[in-house]
Amino acid sequence: MVWRQLHRWIGLVAGAVAVVLGITGAVLALEPVQSAWQSPAAARSLSVAQLADRVAAVVPGAEEIRRLPSGDTVVYAFDHGEPRASRIDPQSGQVLGAWEPSATLRWLRNLHRKLLLGDIGRLVAAGAALAMALLCITGLVLLQRRQGGWRKLGNRVRGSPMQRLHCAAGRALLAVLLVSSLAALNLSAASFGLVQLDGDTEPEVASRSASTGDLAPAELALLQQTAVRDLRKLNFPSADDPGDTWHISTAQGQGWIDRHDGQTLAWQPASTAQRINDWALLLHTGEGAWPWALVLGASGLSIALFWGTGLMLWWQARRLQPRLAGNRPLPEADTLIFVASENGSTWGFAQALHAALTQAGHPVHASTLEHFATGARTRQVFVLAATYGDGQAPAHAARALQRIAQAPVTSATVTVLGFGDRQFQGFCAFAGALESALRARGWPSLLPLARIHQQSAQEFALWGERLGKALGEPLALQYRPSIPRTTALTLVSRQDYPGAVGEPAAILRFAWPKASWAQRLGGRALGAFAAGDLLGVLPPDGAVPRLYSLASSAHDGFIEICVRRHAGGLCSGYLHALQPGERIAAFIRPNPGFTLQATRRPVMLIGAGTGVAPLAGFIRGNTQRAPMHLYYGTRDPALDYYFGAELQTWLQEQRLASLHTAFSRAESGGGHVQDALQRDATRLQSLIHQGGAIVRVCGSQAMARAVAQTLDAILAGMGLSVQQLKAQGRYAEDTF
């Protein structure tokens, strides 16, 4: 995709220069702020005539008065043949001291404007400003596509922490950077003479001869009518030249005044180019508008953040692309694997599939999806396609649909496996588009389209089992995801439940390990977490970690999960055998699409079985007493009513506004959780439609589907649906 390629390569190539300009620009932005605090202000009614009178009285030999963009008033004069510049208070006319620009700031300006390289450096800096403008434009286009449209630009940014930081900072500052970059381009064009600032040549004027001598400034009408706040420069007439004139420059233009009779001899209004240049100077430097200078300073520093995070995202994508052993040329292979991956993570699955098929005796060729094609020996094709953001194709595969549409259809089967995140409305949308395009062209398939949520190793293994059956040959997919750095957690307590169907469960509480500052800075400490984030547990001799929703947050000071033991479950069996004092290896994985931000709006929590764990964490952390309503389904209150006692306590403490239970295996238990929703339909309509309620659902996928169908039926009369709530960011699921 051209936008993404432009954004990536411009950023990588021009980023280092832009970082230098951004940091120096941030330092220079402090000057207008400092000047605004130190420069004495002039009253709005103070005229240039009054100022000139006061200067003439206190600075003998004054030749010129300048109002600097910073707000300082500087008078230039000759004293005994020596030039000198003095700062003055325009209100009192008092000399405040000698004026001399800072050598450090002068050096920084030289570095910022021309990289200490003269005209060549100015050209490079101008090129960097152009690159920054293009980065801002391409970044905004990519951001709106990632968010699903311009109207959703303000929605929560999803993705990895690095992606969220890059996108969220861009959303806040790209507009400022774009304005500053365009202003810099205008200033560069003016400095190279590409823009003519002065509309006309200066007029040939001179003061008329007169025997009355010079008039005082207070007697000159133009100076009386001009406020000091509009003054740029005022030149006094030379004492040695009777024909010399007063010359005044303001934001509106410049004028010449007869020194003897006070008449305005000529007036040139400021050209349009000059006015634009004045605005460009203000927008790029912040001089004369210190609050804007602060914004510019922050945006300048952000360039280093954008470049650093962009570089790391690019490097991560390259690092995740594996080298496949035994990859055969396409004409020799009977099995082809094509991969579409934005950050390279899908290649890990392709590598596992490639190895399993090769071990089964197939000559296998793997490549990226933009090279989609088949050969004479091709019998089967697998397309592993990740979806970027909210429904976008990975950059390199942007033209894959066009290539598939042009490829001749053969008898080879083409099977699509999608990778994505259910928190996005366009979950595996690109894989769905590929599936539709292939079937429309008449390509046969071996398996229907399958979708993998958050790179789940378990879902991939199940897909592999179905694939082995379809191929009629054993197929062992050994996907080994990269394991994050783990931390040892010590079990401090457990609550055991016998379970209603012979699957006991336990609430396990671990101590949050203390970490030194060195460990925190080195990234070796367990990161902060919220209820609803995931705890990754690595069982002994287990290559694949298992993820459990957290029922606590970092504010609680402990780590809590609820685990049901599955028959033959490696990790669940390991956790159930733990005793207090024993330790596990674990890591935190953020789950920002599901975690709940602080809110005063009503919150509907819907869960079943051990899926109540993150919902319990939300309620435990509800210290602000937001109206939370829990709809909780399980089988038997005597066997698997997890967090039952805590829920009653939270009701009394008003952390939980209402509790609605359903026990499917108990007599008169109320059925399933969706039945509890149906019984409370009228109140649900009010909470969602009028109260703007937020909804969180956690449990099995079957339960989540049943809940969504029930809510769709309840909301249909109001023209609402679960999909609409998801699109508004009010509805999120965490299913297993």
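As the structure is a prediction and not an experimental result, all values here were calculated from the model.

### Considerations on the overall build of the protein chain
Per the secondary structure count, the protein chain includes 21 helices and 24 strands. Taking 27 Å as the expected radius of gyration for a compact globule of 736 residues, we find that the protein chain reaches 35 Å, considerably beyond that expectation. For the protein chain, the C-alpha atoms occupy an extent of roughly 115 × 70 × 55 Å along the three principal directions. Looking at the 736 residues of the protein chain, the share that counts as buried comes to 50%. Sequence separation of 24 or more characterises 70% of the internal contacts of the protein chain that already satisfy a separation of 6 or more. Accessible area for the protein chain stands at about 34,300 Å²; split by element, carbon and sulfur atoms hold 54% of it. Distance between charge centres in the protein chain, computed from 66 positive and 51 negative side chains, equals 12 Å.

### Description of the sheet that holds strand 17 (residues 546–549)
Reading across from one edge, 17-16-19-14-15-18 is the order of the six strands in this open sheet, with antiparallel pairing throughout. Strands at the two margins of the open sheet, each flanked by one partner only, are strand 17 and strand 18 (558–564). For this sheet the average axis-to-axis angle between neighbouring strands, irrespective of direction, equals 40°. Bridging between strand 16 (residues 534–538) and strand 17 involves four bridges; their strand directions are antiparallel. The residue bridging L535 from the neighbouring strand is Y548, located in strand 17.

### Focus on the nonpolar core
Counting 30 residues, the largest nonpolar core has L630, Y642, F643 and L647 as the members making the most contacts within it. Listed by contribution, the elements that provide at least two residues to this core are strand 15 (505–511), strand 20 (603–608), helix 16 (612–620), strand 21 (628–634), helix 17 (644–652), strand 22 (658–663) and strand 23 (694–699). Setting aside residues no more than four positions away along its own chain, Y642 makes contact with Y497, A505, I507, C562, R564, G609, T610, V612, Y632 and L647. The next biggest cluster of nonpolar side chains, apart from the first, holds 28 residues, and it includes L324, V339, F349 and L447.

### Re the pattern of salt bridges
Applying the stated rule across the entire model yields 16 salt bridges. Across the pair D278 and R232 runs a salt bridge, and its minimum N-O distance is 3.3 Å. Here D278, found in helix 8 (residues 272–285), pairs with R232, found in strand 5 (residues 231–235); they are 46 residues apart in sequence, far enough to count as distant. Since its relative accessible area comes to 34%, R232 is described here as partly exposed. Here the residues in one salt-bridge network are R509, D556, E560 and R620, joined through shared partners.

### Overview of the state of the cysteines
A disulfide bridge is the covalent bond that connects two cysteines by way of their sulfur atoms. On inspection of all chains with the given rule, the structure shows zero disulfides. This cysteine, C136, is not joined by any disulfide, and C167 carries the nearest cysteine sulfur, 14 Å off. Relative accessible area serves as the criterion here: at 0%, C136 is assigned to the buried category. In this structure C428 is not part of a disulfide, and its nearest cysteine sulfur, from C167, lies 19 Å away.

### Some details on the environment of R422
Its location among the elements puts R422 in the loop between strand 12 (413–420) and helix 12 (429–441). The exposure class of R422 is partly exposed, given its relative accessible area of 25%. For R422 and L447, which are 25 residues apart along the polypeptide, the C-alpha to C-alpha distance reads 21 Å. When near neighbours in sequence (up to four residues on either side) are disregarded, R422 contacts F427, H453, E459, Q701 and T735.

### Here's the deal with the sheet that holds strand 10 (residues 364–368)
If you walk across this open sheet you meet the five strands as 10-9-11-12-13, and the pairing is parallel. Taken across any chain shown, the strands that pair with only one partner, and hence form the sheet edges, are strand 10 and strand 13 (450–453). The sheet shows a mean angle of 20° between the axes of neighbouring strands, taken without regard to direction. With four bridges joining them, strand 12 and strand 13 adopt parallel strand pairing. If you follow G420 over to strand 13, its bridge partner there is H453. Lying over the sheet, helix 10 (residues 346–359) contacts strand 9 (335–340), strand 10, strand 11 (380–386) and strand 12, oriented at roughly 175° with respect to strand 9. Contacting strand 9, strand 11 and strand 12, helix 12 runs over the sheet at an angle of about 165° to strand 12.

Rules behind the numbers
Residues numbered from 1 in each chain as written. Predicted model: local features only at pLDDT ≥ 70, side-chain atom pairs only at ≥ 80, totals over all residues. Heavy atoms only, no water. Helix = DSSP H or I, 4+ residues; strand = E, 2+ residues; numbered from the N terminus. Rg over C-alpha atoms; globule rule 2.2 N^0.38 Å. Buried < 20%, exposed > 50% of the residue type's maximum accessible area, 1.4 Å probe, protein only. Contact = heavy atoms within 4.5 Å. Areas by Shrake-Rupley, 256 points an atom, 1.4 Å probe, with all protein chains shown as cover. Lys, Arg positive; Asp, Glu negative; His and termini not counted. Charge placed at Lys NZ, Arg CZ, Asp CG, Glu CD. Pairing = 2+ DSSP bridges. Axes fitted to C-alpha atoms, helices over the stretch in contact; angles between N-to-C directions. Core = buried A, V, L, I, M, F, W, Y, C linked by side-chain atoms within 4.5 Å. Salt bridge = Lys/Arg side-chain N within 4 Å of Asp/Glu carboxyl O. Disulfide = S-S within 2.5 Å.

Nothing here speaks to function; it is geometry throughout.
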